[in-house]
Amino acid sequence: MDREASPDMDADLVLKFRNGEESAFEDLVRRHMRDAYGFCLRLTGDPAEADELSQDGFVLAYRHLKDFRGESTFRSWLFRILLNRHRDRIRGRRREEGRRAGLRREEEGRAAAGDETGAELRAEELAEVIRDRVQGLPDRQREVLVLHVYQGLAYREIAALLGCTYDDVKMNLSLARRRLRDELREHLS
Amino acid sequence: MKCEEFRESLGEYADRELSPPALDRVREHLAGCGSCAAELQALERLEEALRAVPANGDEVRWDGYIDRVRARTSGSRRFTWRALVPLAAAVLMTFGLARMMSVDFPTPDPRSLLDRYAFADAAGRAALEREAARLEPEGLAVLAAAMVEDPDAAIQRAAGRLLASRADEEPVRRLLLARSGEASLADADEVLIGEIGTEPSDADMVAPALEMAKSSRLFADSVRVLRKLDRGGLNRTAHGEIVRRVRELLSSDMPQDRELGVRLVGALEVLVVDVVEFLDVPDLGPQVLDFLRRRTSQDFGTDKKAWRAWFARKAGRT
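Student: Before we move on, could you go through the interface of chain A and chain B and cite the residues and values that matter?
Tutor: Quite often, the size of an interface is put as the accessible area lost when its parts meet. Contacts between the two partners involve 56 residues from chain A and, on the opposite side, 52 residues from chain B. Roughly 5,000 Å² of surface becomes buried between chain A and chain B when both sides are summed, with 52% attributable to carbon and sulfur atoms. Summed over the shared surface of chain A and chain B, the number is six salt bridges. Residues Glu39 of chain B and Arg181 of chain A are paired through a salt bridge, measuring 2.7 Å at the closest nitrogen-oxygen approach. Applying the counting rule to chain A against chain B returns 15 residue pairs in polar contact (both at pLDDT 80 or more). Breaking the side of chain A that touches chain B down by element, the ones donating at least two residues are α2 (22-44), α3 (47-64), α4 (74-90), α6 (123-135), α7 (139-150) and α9 (166-188) of chain A.

Quick look at the structure:
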């Protein structure tokens, strides 16, 4: 996607949709579906969930587009919807997932210490380990990290999107990195 | 400036977030400090590794994606309304028509109010709350139904907050509390009362919830709402607001306020150390002592110094 040119085109499409041109919304979906899906995939770590979540986001965007004031870009607004929807979906599953992830990490830790300490992982395996560790971050840290590292948003954009301060973004990003560095130390050296 | 302070800025430095003067200061420090330079390298290695990881799988059927969105958007609104009708009717029955108001202004459409409120900024929300003040029981019932049933959490939250803006009214309180009661019976994570508390602006609901606590009949339900709002470090705004208001109650000149403060400390487990101060106050002392014993499994009687020392030791250990 050409991000430099997109906000104006998005604003144009939003206007057309609000003036009754239904097909303009489909153009918006077409322009953002890969980006939205990629974002959801980083958040959820699961292709099927990401597919469903990103579609939920577009459905909600459709319902509320008439209220979109254009104070942020359509992309930021859509990400905000996706994040809120994601939080809704994971709430309720959070504790169970956290418990399982904790157990999984403990088991993996024991396995690594037992027989493969220091062994070099193949690139794919390393990618899997990193994905798993990113998924294991606390929600807010993962959100900030994904928005910054994978979606390329600046601190202030993230703060506006999450409704928090610049310092909150900085702190959460720093905590996420510190934790990942600790957990991935042996693989990154 | 010490290395520690520079290290706090290394993330911003690597992310090109620093202003030019700050950037120059960090750059200058890095040139002369091997340890901080190594720290930056480690950070950059991590960043590189993270960016190199592809997302897990990419097998979306893009050709059918838009069709699926289209299929869902074409029916979404009609479905929502149909789902809400029976519940709205039930709530309306509970509510009765007793609070029919005679108003000079046209009654706002609750559904439109919700849609606008969910995506409004702070100023817009304040105006919409004023509109919500004119809602009649039927409109409030629609809000209550949306709070529980709407598939969109933004709408659920908007409904909850609009109702909260009228929480000083007895019927609205009953409505809120009925919902919080349901939440404790149902899967609490799936309904509104499980949703609130995660956004900084949810701190606005602390005041009405505390108002409810002033009624002894509503105290337990109020505590349930406040516990949802108090998510500690997850929502420092709401937590801070609760602590501030409970502290105000504890330091009030009015005995009934202090008593309420002590009860809230017991129920919410905030400002626990602060209530030690009331151990020798005749009307509150026994209640405070009972709470402290249960909370800590310790018993220093009315010896305030001993209690404080115990809390200090405990804080030192954790």
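Student: Describe in detail the packing of aromatic side chains, supporting the description with residues and values.
Tutor: All names here are of chain A. Counted according to the given criterion, the structure contains 11 aromatic pairs over all chains. Their ring planes at 20 degrees and their centres at 4.4 Å tell us that Phe39 and Phe79 sit as a pair that is stacked. With Phe39 in helix α2 and Phe79 in helix α4, this pair connects stretches of sequence that are 40 residues apart. When its relative accessible area of 0% is taken as the criterion, Phe39 is described as buried. Using a relative accessible area of 1% as the deciding quantity, one classes Phe79 as buried. Over the aromatic face of Tyr150 sits the side chain of Arg42, whose NZ or CZ is 3.6 Å from the ring centroid.

Student: Residues and numbers for the packing of α2 of chain A against α7 of chain A, please.
Tutor: Residue and element names in this part refer to chain A. Here α2 crosses α7 at 140 degrees, and the two axes come no closer than 10 Å. Classified by the angle their axes make, α2 and α7 are oblique. Judged by the twist between their axes, the crossing of α2 over α7 is right-handed. Every residue of α7 that contacts α2 at Phe39, Arg42 and Leu43 is listed here: Arg142, Glu143, Val146, Leu147 and Tyr150. Per-class residue counts for the contact of α2 with α7 are five nonpolar, no polar and three charged.

What counts as what
- Residues numbered from 1 in each chain as written.
- Chains lettered and ligands numbered in written order.
- Predicted model: local features only at pLDDT ≥ 70, side-chain atom pairs only at ≥ 80, totals over all residues.
- Heavy atoms only, no water.
- Contact = heavy atoms within 4.5 Å.
- Buried area = accessible area lost by both parts, 1.4 Å probe.
- Salt bridge = Lys/Arg side-chain N within 4 Å of Asp/Glu carboxyl O.
- Polar contact = N/O pair within 3.5 Å; in protein donor to acceptor, adjacent residues only side chain to side chain.
- Helix = DSSP H or I, 4+ residues; strand = E, 2+ residues; numbered from the N terminus.
- Phe/Tyr/Trp six-rings, centres within 6.5 Å; stacked < 30°, edge-to-face > 60°.
- Buried < 20%, exposed > 50% of the residue type's maximum accessible area, 1.4 Å probe, protein only.
- Lys NZ or Arg CZ within 6 Å of the ring centre and 35° of its normal.
- Axes fitted to C-alpha atoms, helices over the stretch in contact; angles between N-to-C directions.
- Parallel < 35°, antiparallel > 145°, perpendicular 65-115°, else oblique.
- Left-handed = near helix turned anticlockwise from the far one by under 90°.
- Nonpolar A, V, L, I, M, F, W, Y, C, P; charged D, E, K, R; others polar.

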